[in-house]
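The residues making up each chain are set out below.
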Amino acid sequence: MRYRWNTGSLAWLVHRVTGIILSLYLIAHIYVLSHLKDPVAYNKLMAFMKNPLLKIGELILFAIVLKHVFAGIRITLLEMGVSTKYQKPMAYVGALLVFIVWLAGAFYFLREVF
């Protein structure tokens, strides 16, 4: 018998995957920052960070953070006693909010590129 994926199980999986990605990113971020004691290396990195491709990477990271946050809020609401019959609407509203906040943030992230 095959497992049927539903909104709740997909939301659970996405929350776990985004958590793993954010954990790996945090480890890499701390590693890079710990090696920036030299002002020349720091200035090189800051110049590199202005690359438009890295801005796209920042937008992807921002989307991952937002998705993880709104999934966490949905899970918290469910654990606080909100009925599971609202799980699907909460997932859709969360996805819509992720998109709206991401779109607003995209203007901020890309303001220097254009």
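Quick note: structure is the one above.
First things first, this report covers the structure right here in the doc.

The rules we used
- Residues numbered from 1 in each chain as written.
- Predicted model: local features only at pLDDT ≥ 70, side-chain atom pairs only at ≥ 80, totals over all residues.
- Heavy atoms only, no water.
- Helix = DSSP H or I, 4+ residues; strand = E, 2+ residues; numbered from the N terminus.
- Expected span 1.5 Å × (residues − 1).
- Buried < 20%, exposed > 50% of the residue type's maximum accessible area, 1.4 Å probe, protein only.
- Polar contact = N/O pair within 3.5 Å; in protein donor to acceptor, adjacent residues only side chain to side chain.
- Phe/Tyr/Trp six-rings, centres within 6.5 Å; stacked < 30°, edge-to-face > 60°.
- Lys NZ or Arg CZ within 6 Å of the ring centre and 35° of its normal.
- Axes fitted to C-alpha atoms, helices over the stretch in contact; angles between N-to-C directions.
- Parallel < 35°, antiparallel > 145°, perpendicular 65-115°, else oblique.
- Left-handed = near helix turned anticlockwise from the far one by under 90°.
- Contact = heavy atoms within 4.5 Å.
- Nonpolar A, V, L, I, M, F, W, Y, C, P; charged D, E, K, R; others polar.

Our next topic: helix α1 (residues 7-34). Here α1 is 28 residues long and its end C-alpha atoms lie 40 Å apart, about the 40 Å a rise of 1.5 Å per residue gives. Considered for burial, the residues of α1 that qualify are Thr7, Gly8, Ser9, Ala11, His15, Thr18, Gly19 and Leu22. The N-cap residue of α1 is Asn6: its side-chain oxygen and the backbone nitrogen of Ser9 are 2.8 Å apart.

What the rule picks out here adds up to two aromatic pairs. Aromatic pair Phe62 and Phe109: ring centres 5.2 Å apart, planes at 55°, arrangement tilted. In this pair, Phe62 sits in helix α3 (residues 52-79) while Phe109 sits in helix α4 (residues 87-109), placing the two residues 47 residues apart along the sequence. When the centroid spacing of 6.1 Å and the interplanar angle of 75° are considered together, the rings of Tyr108 and Phe109 count as edge-to-face. Among the aromatic side chains, those forming a connected cluster through ring pairs are Phe62, Tyr108 and Phe109. In this structure, Arg111 is placed above the aromatic ring of Tyr108, and the distance from its NZ or CZ to the ring centre is 4.0 Å.

So, on to the packing of α1 against α3. Running from N to C, α1 and α3 point in directions that differ by 130°, and their axes come no closer than 9 Å. As summarised for this structure, α1 and α3 are arranged oblique, according to the angle between their axes. Here the hand of the crossing between α1 and α3 comes out left-handed. For the pair formed by α1 and α3, the contact residues are Gly8, Ala11, Trp12, Val14, His15, Arg16, Thr18, Gly19, Ile21, Leu22 and Tyr25 on the first element and Leu61, Ile64, Val65, Lys67, His68, Ala71, Gly72, Arg74 and Ile75 on the second. Residues belonging to the contact of α1 with α3 are distributed by class as follows: eleven nonpolar, six polar and three charged.

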